[in-house]
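# A structural walkthrough
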Amino acid sequence: MVAQYFAQIDANNIVTNVAVVTTEFMAANPERYTGTWVETFFDTPNKTYAGMGYTYNYATQDFNAPVPLPLVDPVE
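Let me sum up the structure you'll find in this document. Since we're looking at a predicted model, the values are computed, not measured.

Another aspect to go through is unusual backbone geometry. The backbone of N13 shows a phi angle near 65°, a positive value even though the residue is not glycine. Inspection of the secondary structure assignment puts N13 in the loop between β1 (4-9) and β2 (15-21). The class of N13 is partly exposed, set by a relative accessible area of 21%. With a phi angle near 55°, Q61 is a residue other than glycine that sits in the positive phi range.

Structure, rendered in structure tokens:
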């Protein structure tokens, strides 16, 4: 059995958890892996490894990094 990487996504496709686990272990322990889990890859060309806050895109089957908010100078 080879460990794989999975990202849990919420109803808005935002990553809320990332786990290293086998598909067999996930299937044998459904109470521990509730919700939607999508496989993510860190060593596959043209694929983005999921991180907390990333968004899953079903069309591309890839993850998009969150866009940082622009910095605003404080009002003096």
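Bringing the packing of aromatic side chains into the picture now. In this structure the tally under the stated criterion is seven aromatic pairs. Between Y56 and Y58, the aromatic rings sit 4.9 Å apart at their centres with planes inclined by 85°, giving edge-to-face as the arrangement. Considering the side-chain rings of Y56 and F63, the 4.9 Å spacing of their centres and the 55° angle between planes classify their relative orientation as tilted. Members of the aromatic cluster, connected to one another through ring pairs, are Y5, F42 and Y49.

Parameters and conventions
- Residues numbered from 1 in each chain as written.
- Predicted model: local features only at pLDDT ≥ 70, side-chain atom pairs only at ≥ 80, totals over all residues.
- Heavy atoms only, no water.
- Helix = DSSP H or I, 4+ residues; strand = E, 2+ residues; numbered from the N terminus.
- Buried < 20%, exposed > 50% of the residue type's maximum accessible area, 1.4 Å probe, protein only.
- Phe/Tyr/Trp six-rings, centres within 6.5 Å; stacked < 30°, edge-to-face > 60°.

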